[in-house]
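Chains, contacts and geometry: an overview
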Amino acid sequence: MMFDASRKSIKTLATACLVGSAMMATQAMAQTTINLGYNGAPDPDKNAVHVFATNLQSLVEEKTNGEIQLRLYPNSMLGEEQERMEQTMSSPMLNIASFAGVSPIADEIFVSAIPFLFDDFDAARDFFDEGSYWQEVEKVVKERSGIDMLAVVEEGGFLAFTNNKTPISHPDDFAGLRFRAMDPSQVALYEAFGASGTPIPWTEVYMALRTGVADGQMNPPMYIILGSLHEVQTYLTLANIQYSNQFLVGNGQMIEGWEEETRNAFLEAVAEANQQAREHNEAQVEERIAYLEEQGMEVIRPSEEELLAFREIGQPAYLEWLSERGIDQHWIALALEDAGHEELLD
């Protein structure tokens with residue numbers, strides 16, 4: 001499977017990078033301009049990740065007194081997910097990665113995508129900012145790759161389903177449909193609902209939907225607008241099934257090579273930029289949904305009973321997939337306890 005091959009490739013590179021000499025740290029200290037790569041267009045109205053990146057760019061320069069400057073590379077200009085993660089391990093740079101980028105290093109990250117794990121933004125933010133599970137994930141990523149997990153970046157709200165075949169308000173409506181999947185966890189979720197999932201890179205999603213390679217996909221409203229997916233999708237289902245997030249990561253040797261004052265200023269800039277991006281993102285969720293409706297999409301808001309049907313099918317199927325994936329129960333227990341869903345451990 002392509003994801004397993006990617007995981008082996010990244011783990012091999014990670015081992016080589018960790019065995020390297022201290023030359024990287026010396027180079028990082030002299031580095032004043034650092035590349036930051038991420039997905040999506042450089043449009044603040046359509047891309048919450050770009051909002052975060054531009055906030056971070058200005059705050060880093062301000063708080064380090066110009067000692068560190070960021071050069072932004074949107075639209076996957078530095079490569080797709082795996083390529084950017086490999087670059088981050090082997091060179092002094094920053095990257096905003098999705099699950100597809102981080103999971104080859106730490107499969108355990110998929111635990112944080114259990115369906116309906118969070119009721120709202122506050123619950124999700126507390127989980128990642130304060131929880132024991134996420135602190136352990138950060139440790140294993142650093143141990144295995146040398147990469148620092150620096151921030152959890154919102155990419156536009158909670159995930160919604162779109163398709164161009166039929167209104168979806170209940171899991172039964174998925175039968176026979178083909179969906180684009182970002183990673184294997186989404187494939188498992190679609191299959192639980194009776195559909196099929198096909199891994200397709202973000203840069204190919206529009207054409208895949210337009211040509212019928214896939215009938216639908218799952219993303220927050222912001223990404224639907226960003227990718228102009230409303231042009232090739234008719235129905236929008238606000239199931240709010242998963243929190244939509246990516247991860248700011250950085251080369252650990254580079255960051256450790258900075259003077260303490262510089263490093264602290266950089267981390268302060270990261271925290272402040274993330275808070276600004278969260279406020280911007282949450283304030284625009286309903287506005288984005290209204291925009292998609294104005295563009296002709298039919299918006300479906302499932303009832304509580306229908307959402308329960310999604311939950312009763314999606315959660316057990318996803319937990320079974322995590323087990324089949326070989327993810328230790330320890331990680332699942334930690335995450336469920338942090339999120340206040342201990343009942344799922346029974």
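Report follows, based on the coordinates. Just so you know, these numbers come straight off a predicted model, no measurement behind them.

The helix and strand tally for the protein chain stands at 14 helices and 11 strands. Oriented by its inertia axes, the alpha-carbon framework of the protein chain measures out at about 55 × 45 × 35 Å. When the 346 residues of the protein chain are sorted by exposure, 57% land in the buried category. Partitioning the intrachain contacts of the protein chain with sequence separation of at least 6 by distance along the chain shows that 76% fall at a separation of at least 24. Surface summary for the protein chain: the accessible area is close to 14,100 Å², and the carbon and sulfur share equals 46%. On the protein chain, the mean spot of the 21 positive side-chain charges and the mean spot of the 56 negative ones are 7 Å from each other.

Read across the sheet, five strands follow the order 2-1-3-10-4 without closing on themselves; strand pairing throughout is mixed. Each having just a single partner strand, strand 2 (69–73) and strand 4 (147–158) make up the two edges of the open sheet. Recorded for the sheet is a direction-independent mean angle of 20° between the axes of neighbouring strands. In terms of strand pairing, strand 1 (residues 33–37) meets strand 3 (residues 94–97) through two bridges, oriented parallel. The residue of strand 3 that forms the bridge with L36 is L94. Each of strand 1, strand 3, strand 4 and strand 10 (243–251) is contacted by helix 4 (residues 81–90), which is oriented at about 150° to strand 3, the strand it contacts most.

The pairing of strand 6 (residues 178–181) with strand 7 (residues 196–199) spans four bridges and is parallel. Across the sheet, residue R180 finds its bridge partner in strand 7, namely T198. Handedness of the strand 6-helix 8 (residues 184–192)-strand 7 crossover: right-handed.

Our focus in this paragraph is a negative patch on the surface. A surface patch of negative charge is lined by D119, D120, D122, D126 and E130. Mapped onto the elements, E130 comes out in helix 6 (residues 121–130).

Let's shift gears to the packing of helix 6 against helix 7 (residues 132–145). Between helix 6 and helix 7, whose axes approach to 5 Å, the crossing angle comes to 50°. With respect to their mutual orientation, helix 6 and helix 7 come out oblique. The interaxial crossing formed by helix 6 with helix 7 has right-handed handedness. Counted together, F127, F128 and E130 of helix 6 and S132, Y133, W134 and Q135 of helix 7 form the full contact between these two elements. Looking at the contact of helix 6 with helix 7, its residues break down into four nonpolar, two polar and one charged.

The next thing to look at is the pattern of salt bridges. For the structure shown, the criterion picks out 12 salt bridges. Across the salt bridge formed by K63 and E268, the nearest N and O atoms sit 3.0 Å from each other. Here the residue K63 occupies a position in helix 3 (residues 48–63), and E268 occupies one in helix 12 (residues 260–294), the gap between them amounting to 205 residues. Residue classification places K63 among the partly exposed positions, given a relative accessible area of 21%. In this structure, D107 and R325 form a salt bridge, with 2.8 Å as the shortest nitrogen-oxygen distance. Of this pair, D107 sits in the loop between helix 5 (99–102) and helix 6 while R325 sits in the loop between helix 13 (304–324) and helix 14 (329–339), placing them 218 residues apart in sequence. Across the pair, R325 and D107 agree in class, each one buried.

Attention now goes to the side chain of R288. Tracing the sequence through the fold places R288 in helix 12. One buried charge, R288, has no salt-bridge partner; the nearest side chain with opposite charge is E287, at 7.1 Å. One polar contact links R288 to Q284, side chain to side chain, over a distance of 3.0 Å. Each residue touching R288, except ones within four places of it in the same chain, is listed here: D45, G156, P221, M222, I225, H280 and N281.

About the criteria used
- Residues numbered from 1 in each chain as written.
- Predicted model: local features only at pLDDT ≥ 70, side-chain atom pairs only at ≥ 80, totals over all residues.
- Heavy atoms only, no water.
- Helix = DSSP H or I, 4+ residues; strand = E, 2+ residues; numbered from the N terminus.
- Buried < 20%, exposed > 50% of the residue type's maximum accessible area, 1.4 Å probe, protein only.
- Contact = heavy atoms within 4.5 Å.
- Areas by Shrake-Rupley, 256 points an atom, 1.4 Å probe, with all protein chains shown as cover.
- Lys, Arg positive; Asp, Glu negative; His and termini not counted.
- Charge placed at Lys NZ, Arg CZ, Asp CG, Glu CD.
- Pairing = 2+ DSSP bridges.
- Axes fitted to C-alpha atoms, helices over the stretch in contact; angles between N-to-C directions.
- Right-handed = clockwise from strand over helix to strand, strands pointing away.
- Patch = residues over 30% accessible without salt bridge, like charges linked within 9 Å, V, L, I, M, F, W, Y side chains within 5 Å.
- Salt bridge = Lys/Arg side-chain N within 4 Å of Asp/Glu carboxyl O.
- Parallel < 35°, antiparallel > 145°, perpendicular 65-115°, else oblique.
- Left-handed = near helix turned anticlockwise from the far one by under 90°.
- Nonpolar A, V, L, I, M, F, W, Y, C, P; charged D, E, K, R; others polar.
- Polar contact = N/O pair within 3.5 Å; in protein donor to acceptor, adjacent residues only side chain to side chain.

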